[in-house]
Amino acid sequence: MRIPLIAGNWKLYKTIAESVALVNELKPLVENSAGVQIVVAPVFTALSRVFDATEGSQIKLAAQDCYWEEEGAFTGEVAPKLLKDAGCSYVIIGHSERRQYFGETDVTVNKKTKAAVAAGLDAIVCVGESLAERESEQTFSVIEKQIQGGLAGLSAEAFSHVVIAYEPVWAIGTGKTASDAQAQEVHAFIRQLVVRLFGQAVADSVRILYGGSVKPENVKGLMSQPDIDGALVGGASLKAESFAAICSFNS
Ligand code: PEP
């Protein structure tokens, strides 16, 4: 009942021309990936042109961040409604790189998530523990705090437009993937948290993505876990061939 979602986070890579070229290369490769939703998240400047390039395909567009105000004197920020205007269906919120380098907190994640959903976007809300937190057995308490803080005050209807991405920080861009069992354990914990916060039916339908060095070689094992509903992919989404192979995990 949960349609798998594979999202490519292109981070701060690729010009407009390179982004459009990547989508054009990707389109024929994923044309037969039935039953999977595919999302790409280019840099802000490429969004609109990438959206045009996705036309006629099943590829949806995401931004990598947003602000929570609709408009105003907020130099440098981009409002959710402007992302919608550029063709986005999704926005990634609270990525660990934003938490680490740009002062993102659970409070700002919460404001951004509410604003994104109110503007008609689906929010991919990222959570995940650092290596030190895992080693000191704080994984579950960290995830609980991030989810409770990041999703505080959302109605069940608003939450139906949220996708959660579990991305252990120690696995992002490091080549170290959580084992299938490690990822499943945290995904199951997150789903139980959602039962507590929003009820069983909502928890049964929310998609929980895994992120952290997902590659064509490890995606099948991860996706075979009962609570893993997709992947947020960084490095391996920058090449059409590897991203398409990940999107075809079920073939
Ligand atoms: C990410 O950017 O969210 C990510 C998971 O990166 P990578 O796949 O490169 O670890």
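Above this text is the structure in question.
Parameters at a glance
- Residues numbered from 1 in each chain as written.
- Predicted model: local features only at pLDDT ≥ 70, side-chain atom pairs only at ≥ 80, totals over all residues.
- Heavy atoms only, no water.
- Disulfide = S-S within 2.5 Å.
- Buried < 20%, exposed > 50% of the residue type's maximum accessible area, 1.4 Å probe, protein only.
- Helix = DSSP H or I, 4+ residues; strand = E, 2+ residues; numbered from the N terminus.
- Expected span 1.5 Å × (residues − 1).
- Near = heavy atom within 4 Å.
- Polar contact = N/O pair within 3.5 Å; in protein donor to acceptor, adjacent residues only side chain to side chain.
- Areas by Shrake-Rupley, 256 points an atom, 1.4 Å probe, with all protein chains shown as cover.
- Nonpolar A, V, L, I, M, F, W, Y, C, P; charged D, E, K, R; others polar.
- Phe/Tyr/Trp six-rings, centres within 6.5 Å; stacked < 30°, edge-to-face > 60°.
- Lys NZ or Arg CZ within 6 Å of the ring centre and 35° of its normal.

Visitor: Would you mind showing me how to read the state of the cysteines here?
Guide: The bond known as a disulfide is covalent and runs between the sulfur atoms of two cysteines. Within this structure, the stated rule accounts for 0 disulfides. Here cysteine 126 stays unpaired: no disulfide links it, and the sulfur of cysteine 66, its closest cysteine neighbor, is 12 Å away. The class of cysteine 126 is buried, set by a relative accessible area of 2%. We note that cysteine 247 lacks a disulfide partner, and the nearest cysteine sulfur, in cysteine 126, lies 17 Å from it.

Visitor: Looking at this model, I keep getting lost on helix α9 (residues 180-198). Mind explaining?
Guide: Because the α-helix completes a turn every 3.6 residues, residues three or four places apart line up on one side. Here α9 is 19 residues long and its end C-alpha atoms lie 26 Å apart, about the 27 Å a rise of 1.5 Å per residue gives. Once α9 finishes, glycine 199 follows within two positions and takes phi at roughly 100 degrees, a positive value.

Visitor: How should the site of the ligand be read in this particular structure?
Guide: Close to the ligand lie 14 residues; Lys11, Glu167, Gly173, Ser213 and Gly234 are nearest. The contact in question runs from an oxygen atom of the ligand to an N or O atom on the side chain of asparagine 9, over 3.1 Å. A distance of 2.8 Å separates an oxygen atom of the ligand from a polar atom in the side chain of histidine 95. When isolated, the ligand has an accessible area of 290 Å², and the protein chains bury 95% of it. By residue class, the composition of the shell around the ligand is 4 nonpolar, 8 polar and 2 charged.

Visitor: Help me understand the environment of serine 160, please; the structure alone is not making it clear to me.
Guide: Tracing the sequence through the fold places serine 160 in the loop between α8 (156-159) and β6 (162-166). Relative accessible area serves as the criterion here: at 47%, serine 160 is assigned to the partly exposed category. Separated by 65 residues in sequence, serine 160 and glutamine 225 place their C-alpha atoms 22 Å apart. At 2.5 Å, the side chain of serine 160 forms a polar contact with the backbone oxygen of glutamate 157.

Visitor: Help me out: how do you make sense of the packing of aromatic side chains in this one?
Guide: In this description, an aromatic ring pair is defined by two values, namely the gap between the centres and the angle between the planes. Summed over the entire model, instances satisfying the criterion amount to 6 aromatic pairs. Taking the centre distance of 6.3 Å and the plane angle of 85 degrees together, the rings of tyrosine 101 and phenylalanine 102 count as edge-to-face. Note on accessibility: tyrosine 101 and phenylalanine 102 belong to one class, exposed. The structure contains a cluster of three or more aromatic residues connected by ring pairs, namely Tyr67, Trp68 and Phe74. Its guanidinium or amino end placed over the ring of phenylalanine 102, arginine 98 lies 4.2 Å from that ring's centre, counting from NZ or CZ.

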